[in-house]
Amino acid sequence: MTGTAELSDQVTSSPRLSHAGHGSDTPPFRIARWQIPDAVFIIVMLLALAVVTAITLKLQPSGLLTPPWSPASGIALGLGICFRRRYTWMLALAVAAVSLPILVWLGRPAPLAAALTAALAVEMIVGTLLLRGRQDRRPQLFTPSDLARFLAIALVSATLYGVLASAAFYLLGYPAGAVETLQTAVLKHVAGMALLTPLLMAPTYRIQRAGYAETVGHVIWTLGTATGVFIFDDTLLPLAFLTFPSLVAAALRLSTLQLSLVLIGVASIASHGSVNGLGPFAFDQLGGPTGVALLQAYQLSIVAVLLTLSLLVGSEREMSSRLHESEELFRKSFNSSVAGKLMGIRTADQWIVERANPSARALLPGLQGGIRSLDTLMGRDAVGKLSQAADSLVGDNARIVVQLDDGRSLNVSIAVIGETTEGTQFVVHFHDVTESERLRQLEQEELNRAAEVQRALLPGKLPETPGWTFGTSTSPAKQIGGDFYDVRVHQPSIVLSLGDVMGKGMDAGMLAAATRTALRSHDPGMTPSAVVTHAAGILEGDLRRVSAFVTLAYVQVDIDSGDFRFADAGHGLHYVLRTRSGRVERLSSDDMPVGLGDQWRELSGRLAPGDMILLVSDGVLELWGGSLDGLENAIAQCANGTGTGPQEAVDYLCANAGELLDGDDVTAVALRRAG
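Only a predicted model underlies this, so the values are computations on that prediction, with no experimental measurement involved. (Residues numbered from 1 in each chain as written. Predicted model: local features only at pLDDT ≥ 70, side-chain atom pairs only at ≥ 80, totals over all residues. Heavy atoms only, no water.)

### A few points about the side chain of Ser529
Consideration 1: Inspection of the secondary structure puts Ser529 in helix α17 (residues 528-545).
Consideration 2: Since its relative accessible area comes to 17%, Ser529 is described here as buried.
Consideration 3: A polar atom in the side chain of Ser529 sits 3.2 Å from the side chain of Glu602.
Consideration 4: Contacts of Ser529, omitting those with residues within four sequence positions, involve Ala567, Trp600, Arg601 and Glu602. (Helix = DSSP H or I, 4+ residues; strand = E, 2+ residues; numbered from the N terminus. Buried < 20%, exposed > 50% of the residue type's maximum accessible area, 1.4 Å probe, protein only. Polar contact = N/O pair within 3.5 Å; in protein donor to acceptor, adjacent residues only side chain to side chain. Contact = heavy atoms within 4.5 Å.)

### Details of the pairing of strand β13 (residues 574-577)
Consideration 1: Residues of β13 alternate between two faces, with His574 and Val576 on one and Tyr575 and Leu577 on the opposite face, all of them buried.
Consideration 2: By the bridge criterion, four bridges tie β13 to strand β14 (residues 584-587) in an arrangement that is antiparallel. Bridging across to β14, Val576 finds its partner in Glu585.
Consideration 3: What sits between β13 and β14 in their antiparallel hairpin is a turn of six residues, with Gly582 showing a positive phi close to 75°.
Consideration 4: Note that β13 and strand β16 (residues 612-616) share four bridges and pair antiparallel. Of the residues in β16, the one forming a bridge with His574 is Leu615. (Pairing = 2+ DSSP bridges.)

### Focus: the sheet that holds strand β12 (residues 563-569)
Consideration 1: An order of β9-β10-β11-β12-β15 is seen for the five strands of this open sheet, with the pairing classed as antiparallel. Since the sheet does not close on itself, it has two edges, and those belong to β9 (483-490) and β15 (603-606), each with one partner. With strand direction ignored, the average angle separating the axes of adjacent strands in the sheet is 15°.
Consideration 2: Bridge count between strand β11 (residues 550-558) and β12: five bridges; the pairing is antiparallel. (Axes fitted to C-alpha atoms, helices over the stretch in contact; angles between N-to-C directions.)

### Some remarks on the confidence of the model for the chain
For any part of a model where pLDDT is low, the fine detail of the predicted coordinates should not be relied upon.
Consideration 1: Of the residues in the chain, 85% have a pLDDT of 70 or more, and the chain-wide mean is 81.
Consideration 2: In this model, residues 1-6 is a region of pLDDT below 50 whose contacts with residues beyond four sequence positions or in other chains number 21 contacts.
Consideration 3: The low-confidence segment residues 10-33 (pLDDT under 50) makes 58 contacts with residues lying over four places distant or belonging to another chain. (pLDDT = per-residue confidence, 0-100.)

### What to know about the environment of Leu223
Consideration 1: Inspection of the secondary structure puts Leu223 in helix α7 (residues 212-230).
Consideration 2: C-alpha of Leu223 to C-alpha of Val262: the two residues are 39 residues apart in sequence and 7.5 Å apart in space.
Consideration 3: If we skip the residues at most four places from it in the chain, Leu223 touches Val262, Gly265, Val266 and Ile269.

### Let's talk about the environment of Pro245
Consideration 1: Examined against the element boundaries, Pro245 turns out to sit in helix α8 (residues 243-253).
Consideration 2: Residue class for Pro245 comes out partly exposed when judged on its relative accessible area of 46%.
Consideration 3: Residues Pro245 and Trp221 lie 24 residues apart in sequence; the distance between their C-alpha atoms is 9.9 Å.

### Some points on the UniProt feature "transmembrane region" (unreviewed entry) in the chain
Consideration 1: Taking the UniProt record as the reference, the feature "transmembrane region" (unreviewed entry) is found at residues 39-57, 87-106, 112-131, 151-173, 185-205, 212-231, 261-283 and 295-314.
Consideration 2: Its end C-alpha atoms 29 Å apart, residues 87-106 is made of 90% helix and 0% strand.
Consideration 3: End C-alpha atoms of residues 112-131 are separated by 28 Å, and the span's content is 100% helix alongside 0% strand. (UniProt positions renumbered as here; feature names shortened; annotations may be inferred.)

### Digging into the packing of aromatic side chains
Consideration 1: Under the defined criterion, the tally for this structure stands at six aromatic pairs.
Consideration 2: Ring centres of Phe41 and Phe83 lie 5.9 Å apart, and the angle between their planes is 50°; this geometry places the pair in the tilted category. Of the two residues, Phe41 is situated in helix α1 (residues 38-58) and Phe83 in the loop between α2 (71-81) and α3 (88-105); the sequence distance between them amounts to 42 residues. Comparing Phe41 with Phe83, the two get one shared label, buried.
Consideration 3: Between Trp624 and Tyr652, the ring centres sit 5.5 Å apart and the planes meet at 35°, which makes this aromatic pair tilted. With a gap of 28 residues between them, Trp624 in the loop between α18 (618-623) and α19 (628-640) and Tyr652 in helix α20 (residues 646-653) connect regions that are remote in the sequence. (Phe/Tyr/Trp six-rings, centres within 6.5 Å; stacked < 30°, edge-to-face > 60°.)

### Re the sheet that holds strand β4 (residues 351-356)
Consideration 1: Spatially, β4-β3-β7-β6-β5 is the arrangement adopted by the five strands of the open sheet, whose pairing is antiparallel. Two strands in the sheet have a free side with no partner beyond their single neighbour: β4 and β5 (397-403). In this sheet, adjacent strand axes meet at a mean angle of 30° when their direction is disregarded.
Consideration 2: Strand contacts of helix α14 (residues 380-391): β3 (340-346), β4, β5, β6 (409-419) and β7 (424-432), with the helix running at about 165° to β5, the strand carrying the most contacts.

### What to know about the pattern of salt bridges
Consideration 1: Summed over the entire model, instances satisfying the criterion amount to 17 salt bridges.
Consideration 2: A salt bridge links Arg85 to Asp136; its shortest N-O distance comes to 3.8 Å. Residue Arg85 is found in the loop between α2 and α3, and its partner Asp136 is found in the loop between α4 (110-132) and α5 (144-171); the two are separated by 51 residues along the sequence.
Consideration 3: Residue classification places Arg85 among the partly exposed positions, given a relative accessible area of 30%.
Consideration 4: Residue Arg601 is joined to Asp591 by a salt bridge in which the shortest nitrogen-to-oxygen separation is 3.9 Å. Within this pair, whereas Arg601 is found in the loop between β14 and β15, its partner Asp591 is found in the loop between β14 and β15, the two being separated by 10 residues in sequence.
Consideration 5: Members of the salt-bridge network, linked through shared partners, are Arg84, Arg85, Arg132 and Asp136. (Salt bridge = Lys/Arg side-chain N within 4 Å of Asp/Glu carboxyl O.)

### Some words on the nonpolar core
Consideration 1: Residues Leu79, Val95, Phe150, Leu195, Phe230, Leu263 and Ile302 are the most contacted members of the largest nonpolar core, which totals 81 residues.
Consideration 2: Top element by residues in this core is α5. It accounts for 10 residues.
Consideration 3: Residues in contact with Phe150, not counting those within four places in the same chain, are Leu77, Leu131, Met193, Ala194, Thr197, Pro198 and Met201.
Consideration 4: Membership of the second largest hydrophobic core comes to 26 residues, among which are Ala389, Ala398, Phe426 and Val428. (Core = buried A, V, L, I, M, F, W, Y, C linked by side-chain atoms within 4.5 Å.)

Below you can see the structure in the form of structure tokens.
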């Protein structure tokens, strides 16, 4: 044994105990509001065990071979349950070491004393292991079921003690002691554990109703009644029931811990009177074994009945307190909310307001005039929309925006509370979103206009060029996209360009328009590398300020020969479909995007009759699994398709553009030389 805090459980002051870890940081044993070092606690418990054992044996009446009750059992078990199971054996040895010399000193033969001490240690070990359980925690006493479990375990361990002690008396030549032990030991030990061990179980911390003066009054009343019944009454009249009214009153008003202390006082008075021939259980008139059995039955009954009552009352008060706190919290939250809150009933034909907070009365002034019909407060259209949301409610709540008759817009959420005899009870939260709705509408109108402008900037009807056909497709992820393409025909060249601005939405759309304009500002006859370089110079400042970049493919095709030149600014999705061989060629460079690089080299090739050049954006890559292999397999299907034109090819590649969730803009442009 050590004096460190490693041994004991930590008991917090919360309504429910928290058992902490048991390392070097664990605080000392805590009882009530005081922290006691483990070593001090163990020494105090062992001293109490020694004193109680000596007193019970010293006051043992003549004619009895065993004491009339066994508080030592309760102290020993209480000591055991306060510490980890691995220390139970050492604690049991300490209990035996304290008890053995006292038994010998008070006249027990050494062999018998050793046997009885061993039986007490076994009782303590069994009770401790069963009470601490698999989780190895200090047992709690919160509910009647906790008390029932404790009493059942006390009965098991006491029965084991009775069998071992009776066997010891018999084998060591004391048959009368064996018979007496069989008759009385179990009840005595269960009573001792029931009275004393609960003091060291995890307490309930329930609210105490009685004040200081009332507590003192209950103690005086209860102990005075017990003294009158068990000390001053020398008849055999069954007056033990007279102690119950005061004990019941104490159970209703005092804490469980205080009640346990009162019960110990009553039990001590009853034992003292019975030993001295007084009270309804006087041993000298009833006979030792009979008196002991009746005394212990009385003690067990008051413990079982009154602790159960105390725990039930405590649970009821705790639940009532929690309900009151919950109601107060709800009331404060309901009334102090800046959002309007209503509680109401939806009947077959209307919504009736039952309760409203100040914010709701401010938003719906009719509430201040006593109006309770939601149709009148909000308007039929708004309530109709509310009813539709309630009818199609999925889950616990729904959120909608309704417009009142006065033109205001409310963001409303409704949730079902439950069913009543009058209808369904709902709670409705709402706040005024009129200005934000107007702003949202203005923003939407601006986006619509911007989208119209962006669509207007796209090439209109594609030019008819003998020997060449075109195909285009674009689908922005949002109303405004960051992709752009362009097709220009200027003898003797055709120019294709496709770009992808980093990001989506309005910002990307503006940069896309600026990039397309910068490319268009150059003569179609200029080489692709020169066009990209000059455009990058125009855009450099804007791109740097917003930390953006543009990937870009720019292709110039000779109408007569099919020769083409292109510059790739970090785009890498430039393909040539060879009709005769069915081969798909990917043409790309290692040059950086516009906004990150400053030089772009020029590559070249030739389109034979029937060949097709194809430019796609990253969104098309995502449509086909996000890998180049998946995209190139899809392009190969187009190359091998008989009679597949450029428009059919881009339509096939972009067919599922609307199915991407939070996807990228999808754009493709193709040019095919007639076969």
